Amino acid sequence: MSHEHPPVFVEKNGRVLFDIAASPLAGIFTPEAAYKGIWNEWSAETEIAGYTGDCYYRWAGPDVKWNAGLGVLTYYFFIDEPGVYQITMRTLSRDGEPGRPRANGAFMRFNGQQWHKVKSKEHGEWSWNFMYEHYHDPSELNPSRVPCLRHFDHGIHRMEISGRQNGMILDRVAIAQQGVEAHNLALPVSDSFSHPERTLPW
Amino acid sequence: MYLNSIHRDQVVNPIWQEEAGRLVVLVQTIPLPGVHSKDSSFKGIWNEWVAESASPCTGDNNYYRWGGPDLAWNPGAGLLSFRFHISNAGQYQLGVLSRETAEEGSCFVRIDGQQWWILPGSGRESWDWARERETSPGQREPFNMLLAEGFHEVVLSGRSHGFLIDRWMLTQNASDFGLNSLPASGVRPR
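Residues numbered from 1 in each chain as written. Chains lettered and ligands numbered in written order. Predicted model: local features only at pLDDT ≥ 70, side-chain atom pairs only at ≥ 80, totals over all residues.

Helix and strand counts for chain A come out as one helix and 15 strands. Taking 17 Å as the expected radius of gyration for a compact globule of 202 residues, we find that chain A reaches 16 Å, a close match to that expectation. Going through the 202 residues of chain A one by one, you find that 38% of them count as buried. Pairs at least 24 residues apart make up 71% of the contacts formed inside chain A by residues separated by at least 6 positions. (Helix = DSSP H or I, 4+ residues; strand = E, 2+ residues; numbered from the N terminus. Rg over C-alpha atoms; globule rule 2.2 N^0.38 Å. Buried ≥ 20, exposed ≤ 12 C-beta atoms within 10 Å, placed from the backbone. Contact = placed C-beta atoms within 7 Å.)

Okay, here's the thing in structure tokens:
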């Protein structure tokens, strides 16, 4: 269930950090719970060690290769110093193994604009490797993946994440100017304030 | 309990206007961003509704077919968002003129950003108004709601592969659901 006045994480010294659980889940999904409005199939879990906050989120919904918009997690952040930032996400990705399909991607978008497919190319361990995939050519070795770079103006921005592959695990988001340390696990999450306006789900 | 209207500033064109307790909107009035394909999705065309006219409901208009996968418990894909204005506050029933192409067909619906509901189809061989929401497996109730005067939003989302939708209606008169070719409502002037 979304906050009416969700936290807005504040960029400081070229860096914004927040845990994936900063977007709370409405409850535990079951087919019965769905009829009470709990459709979000992200699952908050702690079974796998190494996460940074209170838990990580695992996409427990179906594989939806070409359908962004399921299980939307919403985050707000305030950019004080406008410029180009790189978005990275700490994830635990799974490569294709016998009997276990690949789970290495999600969808991401900013400020309600187009959805982008984002993927990790490191599997089986926690990593910060997360890149845009702008086209797909299996004949090449990850040629289509580029760092998630984006210019942000001064002000509040909205980031949304949507589930794509069953089993993909997300832990923390870092939005940082290039050259700014953001992946040190000793770094605390950014300070936040309540969104000044009531936010609507659309 | 009335659903509160949303702020005027949060509404963009077009805004359909209810009149005399009835609002009818053709789904084709929300244009699709393009034809979905694996390649076009990388350009932002994730919406897998397909505009078709092979089995028209009223003869001259397109309808939309959900070309995406079955998404039993996952609303949010292929959002079709319609804003409208209610002048006559009161109880309304929602219906979607639809057609099933498989054993069962349905779509998701929500009003004013509240919870998603499954709207099962009611016509396998012909177009018919789906006007009940599923409240638990196999249980349905009329999709009734109280709407306050002001601006509101209906959002449809794909659920069953092959499900066809032509138009949706909000009405205070259930006998309207006996008609498939009610004219579309007007757009509110700016």
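On we go.
Between chain A and chain B, the contact holds 23 residues from the first and 24 residues from the second. Considering only residue class, the side of chain A that touches chain B consists of 15 nonpolar, seven polar and one charged. (Nonpolar A, V, L, I, M, F, W, Y, C, P; charged D, E, K, R; others polar.)

Core analysis: the biggest nonpolar cluster contains 43 residues, and B:Cys107, B:Val109, B:Leu119, B:Leu156 and B:Ile165 have the highest contact counts within it. The element contributing the most residues to this core is strand β14 (residues 164-171) of chain B, with five residues. Apart from residues no more than four positions distant in its own chain, B:Val109 is found in contact with B:Leu94, B:Trp117, B:Leu119, B:Val154 and B:Leu156. Listed in part, the 42 residues of the second largest apolar core include A:Phe9, A:Ala21, A:Trp42 and A:Ala68. (Core = buried A, V, L, I, M, F, W, Y, C linked by C-beta atoms within 7 Å.)

This part is about the sheet that holds strand β15 (residues 192-194) of chain A. All names here are of chain A. Pairing in this open sheet of eight strands is mixed, and the strands run β11-β10-β8-β7-β13-β5-β1-β15 from one edge to the other. The open sheet has two edge strands with one neighbour each: β11 (145-147) and β15. Across the sheet, the mean angle separating the axes of adjacent strands is 35° when strand polarity is ignored. Pairing of strand β7 (residues 105-110) with strand β8 (residues 116-119) involves four bridges; the strand directions are antiparallel. Bridge pairing in β8 links Met108 to His116. (Pairing = 2+ DSSP bridges. Axes fitted to C-alpha atoms, helices over the stretch in contact; angles between N-to-C directions.)

Now for unusual backbone geometry. Even without glycine at this site, A:Asn111 takes up a positive phi of about 50°. You can see A:Asn111 is positioned in the loop between β7 and β8. Located in the positive-phi region is B:Asp112, a residue other than glycine, with phi close to 50°. Assignment of secondary structure puts B:Asp112 in the loop between β7 (106-111) and β8 (117-120). Judged by C-beta crowding, with 19 C-beta atoms within 10 Å, B:Asp112 ranks as partly exposed.

The next subject is the pairing of strand β10 (residues 132-136) of chain B. All names here are of chain B. As paired strands, β10 and strand β11 (residues 139-142) are joined by four bridges and run antiparallel to one another. Residue Ser136 lies in a different strand from β11, and its bridge partner there is Gln139. What sits between the antiparallel neighbours β10 and β11 is a turn of two residues, in which Gly138 has the positive phi angle 80°.

A few words now on the environment of A:Gly105. Residue and element names in this part refer to chain A. Here Gly105 lies in strand β7. With 96 residues separating them along the chain, Gly105 and Phe9 place their C-alpha atoms 24 Å apart. If sequence neighbours within four positions are ignored, Gly105 has contacts with Lys117, Val118, Lys119, Arg164, Gln165 and Met168.

Residue and element names in this part refer to chain B. Here chain B averages 88 in pLDDT, while 92% of its residues score no lower than 70. When the elements of chain B are averaged for pLDDT, helix α1 (residues 38-41) gives the smallest value, 79, and strand β12 (residues 144-147) the largest, 97. For the stretch residues 6-11, pLDDT sits under 50, and the model shows ten contacts to residues farther than four places along the chain or on other chains. (pLDDT = per-residue confidence, 0-100.)

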